[in-house]
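# Observations on the three-dimensional arrangement
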Amino acid sequence: MERRLTLPHNEIHLWQADLNPTEPTIEQLSRMLSVDEYARAERYAFPHLRRRFVVARGILRVLIGSYLGIAPSEALFCYGVFGKPALDAGGHRETLAFNLSHTEDFALFAFSPACEIGVDVERIQKSFETLSLAEWLFSTNEYTALSALPTELQLSAFYACWTRKEAYLKAKGRGIASDLAKFDVTVSPKEAAQLLRVEGDPEEARRWKLLDIPVPSDYHATIAVAKHDCSLKRYSWRHDFVRYPPPHG
């Protein structure tokens, strides 16, 4: 890499990307994937799902390569119990924590120097029973808070709550099969995102900083990071970065 991205210890970086580039770009990105990633892509039954996986992993590799000063194909990953990818600590001299999320062709990639980080983005769907689903997925406190909101706010509040919970779970490397009722976040989209309570660990909530991310009105997104004294910087991915490294942050 001729140029490197820089990530100061007191910053977190968030990249927004479209996962529907041209076919030549998809081909370039696919060549950066590892053998196991390529095999995983081939297991997707539908071409659009295969494309999204290839493009998302390719973009991730280009960005990691730019942060670490290595070729995208040289990034070595390991995986947690629930499948969360991380850099293989034995394969790289520098530490870099990351997480990614996408819904349809809209993707977010989050990076921090070392601390745990998670991001979630969801497209707002209007065709389901908000309260019924919340009663099943959310804690008692969250369901009560959601139910008390005016009806016209409940849909956006559901997604605010869901992405806040999911971002925290992803940062912790836990799947949504975890007991979602064992921790509380703020619910209303008019409230600042915050982790309020974690059952069995009264200090855990103080460790985390949650931030709602400005995204188009039909989406909701949240980032969770185990570090309070940090600022968020946002960037937009361009597909010509496949050929030319991104500029310095």
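Right, let's talk about the overall build of the protein chain for a bit. In terms of regular secondary structure, the protein chain is built from seven helices and eleven strands. Against the 2.2 N^0.38 benchmark of 18 Å for 249 residues, the protein chain shows a C-alpha radius of gyration of 18 Å, consistent with a compact globule. Across the 249 residues of the protein chain, 51% fall into the buried class. A separation threshold of at least 6 residues defines the contact pool for the protein chain, and within that pool the share at least 24 residues apart is 61%. Per element, the accessible surface of the protein chain, about 12300 Å² overall, is 52% carbon and sulfur. When the 30 positive and 32 negative side-chain charges of the protein chain are each reduced to one mean point, those points stand 4 Å apart.

Spatially, four strands are ordered β4-β5-β1-β11 in an open sheet, and the strand pairing comes out mixed. The open sheet terminates on both sides in strands that have one partner only, identified here as β4 (97-103) and β11 (231-236). Shown here is a sheet whose adjacent strand axes are inclined to one another by a mean of 20°, direction ignored. Packing against the sheet, helix α3 (residues 47-68) makes contact with β1 (11-18), β4 and β5 (106-112), and its axis sits at approximately 30° to β5.

This next bit is on the nonpolar core. Across soluble globular proteins, nonpolar side chains show a tendency to be buried alongside one another. In terms of nonpolar packing, the biggest core is built from 35 residues, with W15, I64, F109, F111 and W237 touching the most fellow members. Elements with a contribution of two residues or more to this core: β1, α1 (23-30), α3, β4 and β5. The element best represented in this core is α3, accounting for eleven residues. If near-sequence neighbours (up to four positions away) are discounted, W237 is found in contact with W15, Q16, A17, I59, V62, L63 and V242. Counting residues in hydrophobic clusters, the runner-up holds 27 residues, among them F158, Y168, L180 and A205.

Glancing now at the pattern of salt bridges. Counted by the stated rule, this structure contains 18 salt bridges. Two residues, R31 and E27, come together in a salt bridge whose shortest N-O distance is 3.4 Å. With a relative accessible area of 56%, R31 lands in the exposed category. A salt bridge links D105 to R52; the nearest nitrogen and oxygen atoms lie 2.9 Å apart. In this pair, D105 sits in the loop between β4 and β5 while R52 sits in helix α3, placing the two residues 53 residues apart along the sequence. The class of R52 is buried, set by a relative accessible area of 15%.

The pairing of strands in a sheet happens through backbone hydrogen bonds and is either parallel or antiparallel. Strand order in the open sheet made by the three strands is β6-β10-β9, with antiparallel pairing throughout. Because the sheet does not close on itself, it has two edges, and the strands there are β6 (117-123) and β9 (209-213). Neighbour-to-neighbour, the strand axes of this sheet turn through a mean angle of 15°, independent of strand direction. Bridge count for β9 against strand β10 (residues 219-225) is five bridges, and the pairing is antiparallel. Within β10, the position partnered with D212 by the bridge is T222. Sitting on the sheet, helix α6 (residues 151-172) is in contact with β6, β9 and β10, with an inclination near 145° to β6.

Rules behind the numbers
Residues numbered from 1 in each chain as written. Predicted model: local features only at pLDDT ≥ 70, side-chain atom pairs only at ≥ 80, totals over all residues. Heavy atoms only, no water. Helix = DSSP H or I, 4+ residues; strand = E, 2+ residues; numbered from the N terminus. Rg over C-alpha atoms; globule rule 2.2 N^0.38 Å. Buried < 20%, exposed > 50% of the residue type's maximum accessible area, 1.4 Å probe, protein only. Contact = heavy atoms within 4.5 Å. Areas by Shrake-Rupley, 256 points an atom, 1.4 Å probe, with all protein chains shown as cover. Lys, Arg positive; Asp, Glu negative; His and termini not counted. Charge placed at Lys NZ, Arg CZ, Asp CG, Glu CD. Pairing = 2+ DSSP bridges. Axes fitted to C-alpha atoms, helices over the stretch in contact; angles between N-to-C directions. Core = buried A, V, L, I, M, F, W, Y, C linked by side-chain atoms within 4.5 Å. Salt bridge = Lys/Arg side-chain N within 4 Å of Asp/Glu carboxyl O.

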